[in-house]
Amino acid sequence: MRIVSFAELDSTSTQAATLLAAGTEVPPFAVMAATQTAGRGRRGNPWESPVGNLYVTFALPPLRATHDAAPLVAAVIVAREIARLTGLTPTLKWPNDLLFAGKKIGGLLLEGSMRGDEPGAVLCGLGLNLSSAPELAPPLEAGSLAALSGRTLAPRAVAEALAAAFEREWGSEALSGAALHAAWSELAIAPGQLWIAQEDGAVASTRAGAGLALDGALVLRALDSDATETLHSADHRFRWLYQGHGRDAAPLVLADVGNTRTKLAAHLPASAATAERFADEDPALAALAATLPSRPWPIFALSVNPARLADFTRRAAAHGLTVVPLTKRNVLRRDPIEDIAAAELEVYPLAELGIDRLAACEGWLSTLSPAERAASGKTAILVSCGTALTVDAVDANGTHYGGLIAPGLQTALSSLHAATGLLPLLDAQSAPSYATLALGRSTRDAMFQGALHAAAGAVVAVASRHVSPIVLLTGGDAERLIPLLPRSLGARLAPDLVLTGAKSLALGGIAP
């Protein structure tokens, strides 16, 4: 695709339209400028255009599918290319905003044309904050890809990469119909996020995002009924209410519903930097509900136990809390194939990674600075010590190297009792606080030590495959296991690892 470059323009979209009308250029082509004097956003709002960011308009042939699909196709193409270039997976806010961790990193403005009675070229204008983040009016904040990813990107190089992506994917069957719906939904703001309408400065109504209709419209659902409202136009009365971060942040409530127990965290406006902890008993849920501005209110929950999640959902509903299950998404992961040097290493498929393990990975990655992620010199061994013992290896690039799943301490002890005739049923919580891994002199001690040896051995087996890894443990038995690991590993507790990852999955990243 030919890219026509200018040092300065009033608007790349205006120039592209002029070239089209004159017949000087034929789609597909692109117009870019180092800066714009009259850049346009939605509703005719001005788009600030400092030098160093990307301002480009792609003139594209009309889609064979409905013209309404064009904004969705363009957003998916741009988001995927940003993820490839930076390792950050943007979140798509309907209909045209690109976000990361709630910060606006770019926007799209699509304009159609007619050629007689037939659809003409589509002008896809894109502004992307590569190096700086202009001020925005609340509630949105802006972010730059340089600050968020630690990578410096040249506007021309990004324009060329996007041009190649549009040539490759615009109008393809892979981004049409149900496939487009799925691709957009995978990148979109998590269902259950709130949208509010205000009148005279007060909240008049609140809705929860329910995803896309088949025609690409945004569906909002009432919080206290199954009634829905469908938005077909970008000009509507609702605005997205970002939870857990920013100037106008609303409370964000998270839950890690495990096989044995549930952990909750509430990021409230007065204490957004630290999570308040609530047990999952009904009085604690009632206390949590009392701190929220209105009910029903969403709790974003992750779980690998459907029965436990269903029970938690019923109990939360009794207190006016709506449980929204989190789904898997890549937030800080690159394509593993691009980052693995050892050809014999088998890539662990994301589809096989439980959401609790994915959250642990994303939780650790979100604690790294952009520079640490870009350097890619760190590998973490993430250990969850619950009903199951999971041990995962992930590097700072987001490459998952695989892991182990073994019985947790209580599961191992219970299975020994269930599968044998004479071995007793032991409670892992009553195990002695061993300082070393020794051999048991009694049946009871031998069982405790066997479970501990197996758990510690699983951690060491994964850690020994990597040079100077960071070893982090979370879960109910983590404190019991840490003293039994070799001191050389430097293992330490990370009690909020999974909940931190849940926050990143819910919000599409955590801003540094």
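For the structure given in this document, a descriptive report is provided here. (Residues numbered from 1 in each chain as written. Predicted model: local features only at pLDDT ≥ 70, side-chain atom pairs only at ≥ 80, totals over all residues. Heavy atoms only, no water.)

### Some details on the environment of Ala461
- Its location among the elements puts Ala461 in helix α12 (residues 443–463).
- Between the C-alpha atom of Ala461 and that of Leu404, which follows or precedes it by 57 residues, the distance is 9.2 Å. (Helix = DSSP H or I, 4+ residues; strand = E, 2+ residues; numbered from the N terminus.)

### A look at the nonpolar core
- Counting 94 residues, the largest nonpolar core has Leu54, Trp170 and Trp364 as the members making the most contacts within it.
- In terms of residues, this core owes the most to one element, helix α2 (residues 70–86), which gives 10 residues.
- Judged by nonpolar contacts, the second largest core, of 31 residues, contains Leu409, Leu413, Met447 and Ile482. (Core = buried A, V, L, I, M, F, W, Y, C linked by side-chain atoms within 4.5 Å. Buried < 20%, exposed > 50% of the residue type's maximum accessible area, 1.4 Å probe, protein only.)

### What to know about the packing of aromatic side chains
- A complete count under the given rule lists 3 aromatic pairs for this structure.
- Centroid distance Phe58 to Phe166: 4.7 Å. Interplanar angle 35°. Geometry classified as tilted. Here the residue Phe58 occupies a position in strand β3 (residues 54–60), and Phe166 occupies one in helix α4 (residues 155–169), the gap between them amounting to 108 residues.
- Judged by relative accessible area, which is 1%, Phe166 ranks as buried. (Phe/Tyr/Trp six-rings, centres within 6.5 Å; stacked < 30°, edge-to-face > 60°.)

### A short note on the sheet that holds strand β12 (residues 202–212)
- Across the sheet, 5 strands lie side by side as β14-β13-β12-β11-β15; this open sheet has antiparallel pairing. Across the chains shown, the open sheet's two edge strands, defined by having one partner strand only, are β14 (228–231) and β15 (238–241). Each strand of the sheet is rotated relative to its neighbour by a mean of 40°, with strand direction disregarded. (Pairing = 2+ DSSP bridges. Axes fitted to C-alpha atoms, helices over the stretch in contact; angles between N-to-C directions.)

### Notes on the sheet that holds strand β23 (residues 400–407)
- Here 5 strands make up an open sheet; going across it, the order is β23-β22-β21-β24-β25 and the pairing mixed. Unpaired on one side and paired on the other, β23 and β25 (492–493) mark the two borders of the sheet.
- Across 5 bridges, strand β21 (residues 379–385) lies against strand β24 (residues 470–474) in parallel orientation. Bridge pairing in β24 places Val383 opposite Leu473.
- Strands β21, β22 (388–395), β23 and β24 of the sheet are contacted by helix α9 (residues 355–367), whose axis makes an angle of about 40° with β22. (Contact = heavy atoms within 4.5 Å.)

### Considering the pairing of strand β17 (residues 262–267)
- Burial analysis of β17 places 6 of its 6 residues in the buried class, the great majority of the element.
- Residue alternation in β17 divides its side chains into two sets, Thr262, Leu264 and Ala266 and Lys263, Ala265 and His267, and both sets are buried.
- Counting the residues between successive antiparallel strands, the hairpin from strand β16 (residues 252–257) to β17 contains 4 residues.

### Some thoughts on helix α6 (residues 282–290)
- Along α6, the positions that sit buried rather than exposed are Ala284, Leu285, Leu288 and Ala289. What you see down the axis of α6 is that its buried residues fit within an arc of 140°, all on one side. In α6, those exposed residues whose orientation departs by more than 90 degrees from the buried face are Pro283 and Ala290. (Arc of directions from axis to C-beta.)

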